[in-house]
Amino acid sequence: MTPDIKISNIQIGISQPNREAVSEELGKLLANEYVLYTQTRNAHWNVTGPDFVDKHKFFEEQYTQLDEIIDNVAERIRSLGQPTPASLKKFIELSDLVEDQEADTTSVTFISELLAGHEQIIQSLRENIIRFAEDYSDLGTSDFITGLMEEHEKMAWFLRAHLS
């Protein structure tokens, strides 16, 4: 039987207040990722037009990537010893992204909305890279979100390419 390890006893070189602060920011990121995931699912389910099959598959690829990102962000929060926000209510409270319920279901409308969401997440990630490393002594999470930023930049590129 393993002993119960209390959150305050975690010794990974990052103070508890710093782990809490980083996890709070990651919780906001998780909420934004979940809202973007939901928007991408919406696009997958509701896209219409002559490019339906192509965009239906494209949006599926994107939401599959986002699903993996969501899991990784949640696991990063847990690795810091903090609880992970995990309800739709909490995600809506924490998210900076706003769901637009456009009546237009064309791929261009969905792509534009999703691109804006990715760009907003990219900007937030970019702001936190140095902050996590320097202010909170958490190089691991700084590196982690650098990788996420690169994934979102590539996803945004793919979306942008459809608008050319």
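How each quantity is defined
- Residues numbered from 1 in each chain as written.
- Predicted model: local features only at pLDDT ≥ 70, side-chain atom pairs only at ≥ 80, totals over all residues.
- Heavy atoms only, no water.
- Salt bridge = Lys/Arg side-chain N within 4 Å of Asp/Glu carboxyl O.
- Buried < 20%, exposed > 50% of the residue type's maximum accessible area, 1.4 Å probe, protein only.
- Helix = DSSP H or I, 4+ residues; strand = E, 2+ residues; numbered from the N terminus.
- Expected span 1.5 Å × (residues − 1).
- Contact = heavy atoms within 4.5 Å.

Novice: For this particular structure, what's the right way to read the pattern of salt bridges?
Specialist: Should their charged atoms come close, side chains of opposite charge can pair. For the structure shown, the criterion picks out eight salt bridges. Measuring nitrogen to oxygen at the nearest pair gives 3.7 Å for the salt bridge that ties Asp51 to Lys55. Of the residues examined, Lys55 reaches a relative accessible area of 8% and is grouped as buried. We note a salt bridge from Arg126 to Glu153, for which the minimum N-O separation is 2.5 Å. Of the two residues, Arg126 sits in helix 4 (residues 107–135) while Glu153 sits in helix 5 (residues 139–161), which places them 27 residues apart along the sequence. Through salt bridges with shared partners, one network takes in Glu25, Lys28 and Arg131.

Novice: It is not clear to me how helix 2 (residues 52–79) should be interpreted in this structure. Could you clarify?
Specialist: Note that an α-helix has 3.6 residues per turn; residues three or four places apart therefore point the same way. With 28 residues, helix 2 extends 40 Å between its outermost C-alpha atoms, agreeing within 8% with the 40 Å of an ideal straight helix rising 1.5 Å per residue. When helix 2 is considered as a whole, its buried residues turn out to be Lys55, Phe58, Phe59, Gln62, Tyr63, Leu66, Ile69, Ile70, Val73, Ala74 and Ile77. Contacts made by the buried residues of helix 2 are with helix 1 (16–46), helix 4 and helix 5.

Novice: I tried to follow the side chain of Ser23 on my own but got confused; where do I start?
Specialist: Turning to its location among the elements, Ser23 is positioned in helix 1. The buried category is assigned to Ser23, whose relative accessible area is 7%. Those residues in contact with Ser23, other than ones at most four positions away along the chain, are Ile77, Leu80 and Gln82.

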